[in-house]
Amino acid sequence: GNSVTQMEGPVTLSEEAFLTINCTYTATGYPSLFWYVQYPGEGLQLLLKATKADDKGSNKGFEATYRKETTSFHLEKGSVQVSDSAVYFCALSDEDAGNMLTFGGGTRLMVKP
Amino acid sequence: DVKVTQSSRYLVKRTGEKVFLECVQDMDHENMFWYRQDPGLGLRLIYFSYDVKMKEKGDIPEGYSVSREKKERFSLILESASTNQTSMYLCASTPGRLATEAFFGQGTRLTVV
């Protein structure tokens, strides 16, 4: 079956630090990959996505590249802000599995001023 | 603007009560989902529906049922609430069977005492 593994948190950074949150996946088919973000007290919202190998998704200064050879989709941001403090979820959607979303366990990011 | 609305942000119920969690989407989406979110466990799929009056079990359906009488509304039912069902519940929808991006409600934090 499909699975997503992401680094456990919490990740604590100072403002303007570089961020990497690792995500690797296992899928039977050729999945689409996503990063969702959950701000305190809210539901999840899509941050970025990539649908094929070597695609780079980007939004709000965050980036992630679909690496088929390493089955990875690591999230990066060059300079984090306090407002980026949230929980980040890596997810995949696989047509072979009926396009159901499979989520990683989530990584809490805390950015200190 | 895309919107998924859950009827309550916070609920407190007693053990043994029958609990209804309501979710409404205004985007004419075919697919709707119920997840629960617990610390360290990420999001786990309870039930989903691809069409009106249709339902499928997810990964953890025990103790839950669902109802989808209208396309826009998907209800999660706890037949007899127990303390281990204390959790954050998230509703999501997607447009069409092959679509991949999910839109989430703001979540309902349920406490069973």
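Residues numbered from 1 in each chain as written. Chains lettered and ligands numbered in written order. Predicted model: local features only at pLDDT ≥ 70, side-chain atom pairs only at ≥ 80, totals over all residues. Heavy atoms only, no water.

A. View of the overall build of chain A. Summing up its helical and strand segments, chain A has zero helices and twelve strands in all. What you see for chain A is a C-alpha radius of gyration of 14 Å, in line with the 13 Å of a compact globule of 113 residues. C-alpha atoms of chain A, sized along the principal axes, occupy 45 × 30 × 20 Å. The burial tally for chain A puts 46% of its 113 residues in the buried class. Considering only intrachain contacts with a sequence separation of at least 6, the fraction spanning at least 24 residues in chain A is 56%. Counting only carbon and sulfur atoms, one obtains 46% of the accessible surface of chain A, whose full area is about 5,200 Å². (Helix = DSSP H or I, 4+ residues; strand = E, 2+ residues; numbered from the N terminus. Rg over C-alpha atoms; globule rule 2.2 N^0.38 Å. Buried < 20%, exposed > 50% of the residue type's maximum accessible area, 1.4 Å probe, protein only. Contact = heavy atoms within 4.5 Å. Areas by Shrake-Rupley, 256 points an atom, 1.4 Å probe, with all protein chains shown as cover.)

B. Region of the structure containing the interface of chain B and chain A. Between chain B and chain A, the residue contacts involve 19 residues of the former and 20 residues of the latter. Taken together, the two surfaces of chain B and chain A that pack against each other cover about 1,500 Å², and 56% of this comes from carbon and sulfur. Linking chain B to chain A there are one salt bridge. The shortest N-O distance in the salt bridge between Glu101(B) and Lys49(A) comes to 4.0 Å. (Buried area = accessible area lost by both parts, 1.4 Å probe. Salt bridge = Lys/Arg side-chain N within 4 Å of Asp/Glu carboxyl O.)

C. The arrangement of unusual backbone geometry in detail. Residue and element names in this part refer to chain A. That bond from Gly9 to Pro10 is cis: its omega, 0°, falls within 30 degrees of zero. Residue placement: Pro10 occurs in the loop between strand 1 (3-6) and strand 2 (11-14). Phi is positive for Glu16, close to 80°, though the residue is something other than glycine. For Glu16, the location among the structural elements is in the loop between strand 2 and strand 3 (19-21). The phi angle at Lys60 is positive, at roughly 55°, despite the residue not being glycine.

D. The arrangement of the nonpolar core in detail. With 26 residues, the main nonpolar core has Leu19(A), Trp35(A), Leu47(A), Leu48(A), Phe73(A), Leu75(A) and Tyr88(A) as its most contacted residues. Secondary structure elements with two or more residues in this core: strand 2, strand 3, strand 4 (23-26), strand 5 (32-38), strand 6 (44-50), strand 8 (62-65), strand 10 (86-94) and strand 12 (107-112) of chain A. Per element, the largest residue contribution to this core is four residues, and it comes from strand 10 of chain A. In this view, Leu75(A) contacts Leu19(A), Thr20(A), Ile21(A), Trp35(A), Leu47(A), Leu48(A), Phe62(A), Glu63(A), Ala64(A) and Tyr88(A); residues no more than four positions away in its chain are not counted. Listed in part, the 21 residues of the second largest apolar core include Trp34(B), Leu76(B), Leu78(B) and Ala81(B). (Core = buried A, V, L, I, M, F, W, Y, C linked by side-chain atoms within 4.5 Å.)

Keep in mind that these numbers describe shape and distance, not what the molecule does.
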